[in-house]
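These are the residues of each chain, in order.
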Amino acid sequence: MYDVECVLRWEALLGEVPLWSSRDQLLYWVDIRAPALHGLDLATGANQSWPMPEPIGAVAIHAEGGLLVALASGLYR
């Protein structure tokens, strides 16, 4: 059995794709319907948001640094 706790109260329309970045020390996640990439600092509780120009479906850590995001029109770095 796992203990579950809320780490961020947010009015996301469709929050998905949690991704931990040990390099950035952020938990990245996306809001598909209110298109944005978010980064939650678990140590402070601060959540950063980066609006996207179209629906975002996924985020991945790029091997050469930075992120790769999947938007409706393609993959972007």
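In this report, we go over the structure that sits alongside the text. Owing to the predicted nature of the structure, the values given are computational and were not obtained by experimental measurement. (Residues numbered from 1 in each chain as written. Predicted model: local features only at pLDDT ≥ 70, side-chain atom pairs only at ≥ 80, totals over all residues. Heavy atoms only, no water.)

**Overview of the side chain of Asn47**
Here is step 1 of the chain: With respect to the element layout, Asn47 can be found in strand 4 (residues 47–51).
Here is step 2 of the chain: Judged by its relative accessible area of 18%, Asn47 falls in the buried class.
Here is step 3 of the chain: Within the structure, the side chain of Asn47 is placed 3.3 Å from the side chain of Trp29, a separation counted as a polar contact.
Here is step 4 of the chain: When residues no more than four places from it in sequence are discounted, the contact partners of Asn47 are Leu8, Trp10, Trp29, His38, Gly39 and Leu40. (Helix = DSSP H or I, 4+ residues; strand = E, 2+ residues; numbered from the N terminus. Buried < 20%, exposed > 50% of the residue type's maximum accessible area, 1.4 Å probe, protein only. Polar contact = N/O pair within 3.5 Å; in protein donor to acceptor, adjacent residues only side chain to side chain. Contact = heavy atoms within 4.5 Å.)

**A closer look at the sheet that holds strand 1 (residues 15–21)**
Here is step 1 of the chain: Sheet architecture is open: four strands sit in the order 1-2-3-4, paired in antiparallel fashion. What marks the edges here is a single partner per strand, and that holds for strand 1 and strand 4. Strand-to-strand twist across the sheet, computed as the mean angle between neighbouring axes with direction ignored, equals 20°.
Here is step 2 of the chain: The pairing of strand 1 with strand 2 (residues 26–31) spans five bridges and is classified as antiparallel. The residue bridging Ser21 from the neighbouring strand is Leu26, located in strand 2. (Pairing = 2+ DSSP bridges. Axes fitted to C-alpha atoms, helices over the stretch in contact; angles between N-to-C directions.)

**Section: unusual backbone geometry**
Here is step 1 of the chain: One non-glycine residue with positive phi stands out, namely Val17, at about 60°.
Here is step 2 of the chain: By the secondary structure assignment, Val17 is in strand 1.
Here is step 3 of the chain: Here Val17 falls in the partly exposed class, since its relative accessible area comes to 25%.
Here is step 4 of the chain: Positive phi is not limited to glycine here, since Gln25 has a value of about 55°.
Here is step 5 of the chain: In this structure, Gln25 sits in the loop between strand 1 and strand 2.
Here is step 6 of the chain: Residue Gln25 is classed as partly exposed on the basis of its relative accessible area of 44%.

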